[in-house]
Amino acid sequence: MSSSTRLKFGRAVRRLRTGAGFSQESFADAIGVHRTFMGSVERGETNISLDNIARIAKGLRVTLAELFTETEKDGR
């Protein structure tokens, strides 16, 4: 993922997470990752693995396709 793709992905995760009513910390706990990792994902600072992308999608109750569609909606 390029850095701009990571930023778009992070913003999509944040939109979906907040829309689902999770705080960053509660969501990290729910999917079994550290809260600082979630912060770095949402800020686009980390090149996240496919396994963790799938974990995030499952926690958000969306498909991988839906998560990536949300990412593509980001016009920035």
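You'll find the structure just up there.
First, a word on what this report is: a plain description of the structure on this page. (Residues numbered from 1 in each chain as written. Predicted model: local features only at pLDDT ≥ 70, side-chain atom pairs only at ≥ 80, totals over all residues. Heavy atoms only, no water.)

## So, a nonpolar patch on the surface
Consideration 1: Together, L50, L64 and F68 give the surface a local cluster of nonpolar side chains, amounting to about 270 Å² of exposed area.
Consideration 2: The exposure class of L50 is exposed, given its relative accessible area of 59%. (Patch = residues over 30% accessible without salt bridge, like charges linked within 9 Å, V, L, I, M, F, W, Y side chains within 5 Å. Areas by Shrake-Rupley, 256 points an atom, 1.4 Å probe, with all protein chains shown as cover. Salt bridge = Lys/Arg side-chain N within 4 Å of Asp/Glu carboxyl O. Buried < 20%, exposed > 50% of the residue type's maximum accessible area, 1.4 Å probe, protein only.)

## Structural notes on the environment of F27
Consideration 1: With respect to the helices and strands, F27 occurs in helix α2 (residues 24-31).
Consideration 2: Looking at F27, the relative accessible area reads 0%, which means it is buried.
Consideration 3: In contact with F27, other than residues within four places in its own chain, are R17, F22, M38, I56, G59 and L60. (Helix = DSSP H or I, 4+ residues; strand = E, 2+ residues; numbered from the N terminus. Contact = heavy atoms within 4.5 Å.)

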